[in-house]
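# Structural overview
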Amino acid sequence: MNSLKTSSEVSLHIPPGIWHQFSQALLQARTNREEVIGFFFCKRHRPSKRKVRYLPVSWVVPTPDCYEHQSTSDLVLKQQFHRYLLENYLQHGQLDVVHIHTHAGVGSASFSAIDDRYESEYARFLSSHFQKKPRLISGVFDESLQQSQFRIWDRKGQFFENVNFYPSWFELERVGELSSETDAMFARQAVFGEPFQRQLGQLAVALIGCGGIGAIFAELLGRLGVKHWVLVDRDRLETVNLNRMPGATWPMADQRWYKVQYVKQLIKRIYATGSSVKVLPTSIEDEAIERDIGAVDLIVVATDNHHSRQVAQELALRYQRPLMSLGTHIDVRADGLPRMYCRITVPPLGGGWCLMCGNIINLQRAALELAPREIDRLVARSGYLEGIDAPAVFWLNSLCASHAVGILQGIVGGFLDVDLGLDWIYEFPSSHWLKSDSRCWATPDCYFCGV
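Residues numbered from 1 in each chain as written. Predicted model: local features only at pLDDT ≥ 70, side-chain atom pairs only at ≥ 80, totals over all residues. Heavy atoms only, no water.

## Details of the packing of helix α6 (residues 212-224) against helix α8 (residues 259-270)
Where α6 meets α8, the closest approach of the two axes is 9 Å, and the angle between their N-to-C directions is 15°. Between α6 and α8, the angle is such that the two are roughly parallel. As α6 packs across α8, the resulting crossing turns out to be right-handed. Where α6 abuts α8, its residues Ala215, Ala218, Glu219, Gly222 and Arg223 lie against Tyr262, Val263, Leu266, Arg269 and Ile270. In terms of residue class, the contact of α6 with α8 is made up of six nonpolar, one polar and three charged. (Axes fitted to C-alpha atoms, helices over the stretch in contact; angles between N-to-C directions. Helix = DSSP H or I, 4+ residues; strand = E, 2+ residues; numbered from the N terminus. Parallel < 35°, antiparallel > 145°, perpendicular 65-115°, else oblique. Left-handed = near helix turned anticlockwise from the far one by under 90°. Contact = heavy atoms within 4.5 Å. Nonpolar A, V, L, I, M, F, W, Y, C, P; charged D, E, K, R; others polar.)

Have a look at this one:
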């Protein structure tokens, strides 16, 4: 009998699109009610001392001809197929393996004594036969794949810890209750369901850049139901900000409020109680705030320079957190007509491509932004009007921020698939949206996100 040992919080994250494909393959791998098994091969990430996350690199579901024996009570894989898995996924990599199998019946799922013995032996086998000593995570589902339990074994096969399973980008549970106050507040959002509203209430967002786009984004997302924030911006309010920051006043600019304090007030006006807002009036390059950013569910970068976006992308990759990039651009053609753009980009979680792959971040420009000011003046300031610093208007910022909030609602609500990433660009005055085919940006050898 295995003992339960608790030392850290372990979570398994399977992006929704991947989980849908995997679960459908499992259901199709049987003809009646036979038990079935599938495998994920995952990267391990440790964002903090007491937290470990696992994210899939690849998955395999064996077809019926890969089983030596398969029934409603047990299953045995053919040795040839098992050898194929080991040689192709564990022999040379640094991946850990997840075994997911089903039990007959609907409504509950629990590990059997046979599972205990088999998994204990297999955990020891992995540790003794592979140099990188991969860990074994196991999961059991009912036959409908609705109820589950997950655990991770130590390398000696003596102990296991519980694992939180999230078929999602976020660590959100479909539990908890709304207060009567928030029930009333979100009555007109009830069409999306109570689980959606509860998940928004749990979501923690790091907002990098609390200026014209970031402030509107925080206001809109706060009113949708997000209460937990980490705000990062070292700048203070100025008179020039008042044309595009909702609720900002002349006294705030005169008193030189930090922008993070101003955005905190926006959120606290919505939630006098029940919200948490951490303000960090510093630069994203400040290593002291890395853990705060890495601990959230989503990183949103709404700054106006390439270097800060590069750092945000690097942090998202380091801590394996979803990233959303927001930006606008205004220029004037030779005939005097303006061109205005806004762009929302969501790179895929776990790699594939990043903001640098898509040239959304210009690394040369990012380097120049760190250069001494006298050198920077020698560089053509692409995207800026002569004599005007970072041109911006409220309505364009609002368009960018509101569509970003809509995208996030689609991700949380499960009706927008962004597993392969997303890049949307709006252009005015032609008033059309361009949806980039970001699949062509996949760069396996990318210095930043390549595996």
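## Section: the sheet that holds strand β13 (residues 276-280)
Backbone hydrogen bonds hold the strands of a sheet together, and the pairing may be parallel or antiparallel. The eight strands are arranged β13-β12-β11-β14-β15-β16-β17-β18 in an open sheet whose pairing can be described as mixed. On the outer flanks of this sheet lie β13 and β18 (432-435), each paired with one strand and no other. Between one strand axis and the next, the sheet turns by 15° as a mean value, whatever way the strands run. In terms of strand pairing, strand β16 (residues 338-346) meets strand β17 (residues 422-428) through seven bridges, oriented antiparallel. Within β17, the residue paired with Ile344 across the bridge is Trp424. On top of the sheet, helix α10 (residues 306-319) reaches β14 (298-301) and β15 (323-332); it is set at about 165° to β15, its chief contact. (Pairing = 2+ DSSP bridges.)

## Remarks on the nonpolar core
Residues Phe170, Phe217, Leu221, Trp229, Tyr262, Met324 and Leu326 are the most contacted members of the largest nonpolar core, which totals 59 residues. Per element, the largest residue contribution to this core is nine residues, and it comes from helix α13 (residues 394-413). If near-sequence neighbours (up to four positions away) are discounted, Leu221 is found in contact with Val205, Val226, Trp229, Val405 and Leu408. With 43 residues, the next largest nonpolar core counts Val97, Ala123, Ile152 and Phe165 among its residues. (Core = buried A, V, L, I, M, F, W, Y, C linked by side-chain atoms within 4.5 Å. Buried < 20%, exposed > 50% of the residue type's maximum accessible area, 1.4 Å probe, protein only.)

## Quick notes on the pairing of β14
Residues of β14 alternate between two faces, with Leu298 and Val300 on one and Ile299 and Val301 on the opposite face, all of them buried. Relative to β14, strand β11 (residues 204-208) is paired through four bridges, and the arrangement is parallel. Each residue of the ladder has a partner; that of Ala206, found in β14, is Ile299. One ladder, built from three bridges, connects β14 with β15; its direction is parallel. When the sheet's bridge partners are listed, Val301 is paired in β15 with Ser325.

## Details of unusual backbone geometry
That bond from Phe428 to Pro429 is cis: its omega, 20°, falls within 30 degrees of zero. Along the polypeptide, Pro429 turns up in the loop between β17 and β18. Positive phi outside glycine occurs at Gln320, with the angle close to 50°. Inspection of the secondary structure assignment puts Gln320 in the loop between α10 and β15. Accessibility expressed as a relative area gives 4% for Gln320, which makes it buried.

## A short note on the side chain of Glu290
Of note, Glu290 is situated in helix α9 (residues 290-294). Not counting chain neighbours up to four residues away, the residues in contact with Glu290 comprise Leu315, Arg318 and Tyr319.

## A short note on empty space enclosed by the protein
For the structure on display, the rule yields two cavities of 30 Å³ or more. Looking at the largest cavity, its volume works out to about 90 Å³. For the largest cavity, the lining is made up of 14 residues, of which Gln313, Leu317, Arg321, Pro348 and Leu349 are closest to its centre. For the lining of the largest cavity, the element with the most residues is α10, which contributes three residues. Along the lines of polarity and charge, the residues of the lining of the largest cavity split into nine nonpolar, four polar and one charged. Roughly 30 Å³ of volume is contained in the second largest cavity. (1 Å grid on protein atoms, 1.4 Å probe; cavity = no way out; pocket = protein on both sides within 12 Å on 5 of 7 lines; lining within 4 Å. Points joined across faces, edges and corners; volume = space filled by probe spheres on them.)

## Some remarks on the confidence of the model for the protein
Looking at the protein as a whole, its pLDDT mean stands at 88, while 91% of the residues score no less than 70. Counting interchain partners and residues more than four positions distant, the pLDDT-below-50 stretch residues 378-388 has 15 contacts. (pLDDT = per-residue confidence, 0-100.)

## Details of the pattern of salt bridges
Tallied over the full model, the rule gives 15 salt bridges. For the salt bridge of Glu219 with Arg223, the shortest nitrogen-to-oxygen distance reads 2.9 Å. Taken together, the residues Glu219 and Arg223, both in helix α6 and four residues apart, mark about one turn of the helix. Taking relative accessible area as the criterion, Glu219 reaches 14% and is therefore assigned buried. Each of Lys51, Arg53 and Glu171 takes part in a single network of salt bridges with overlapping partners. (Salt bridge = Lys/Arg side-chain N within 4 Å of Asp/Glu carboxyl O.)

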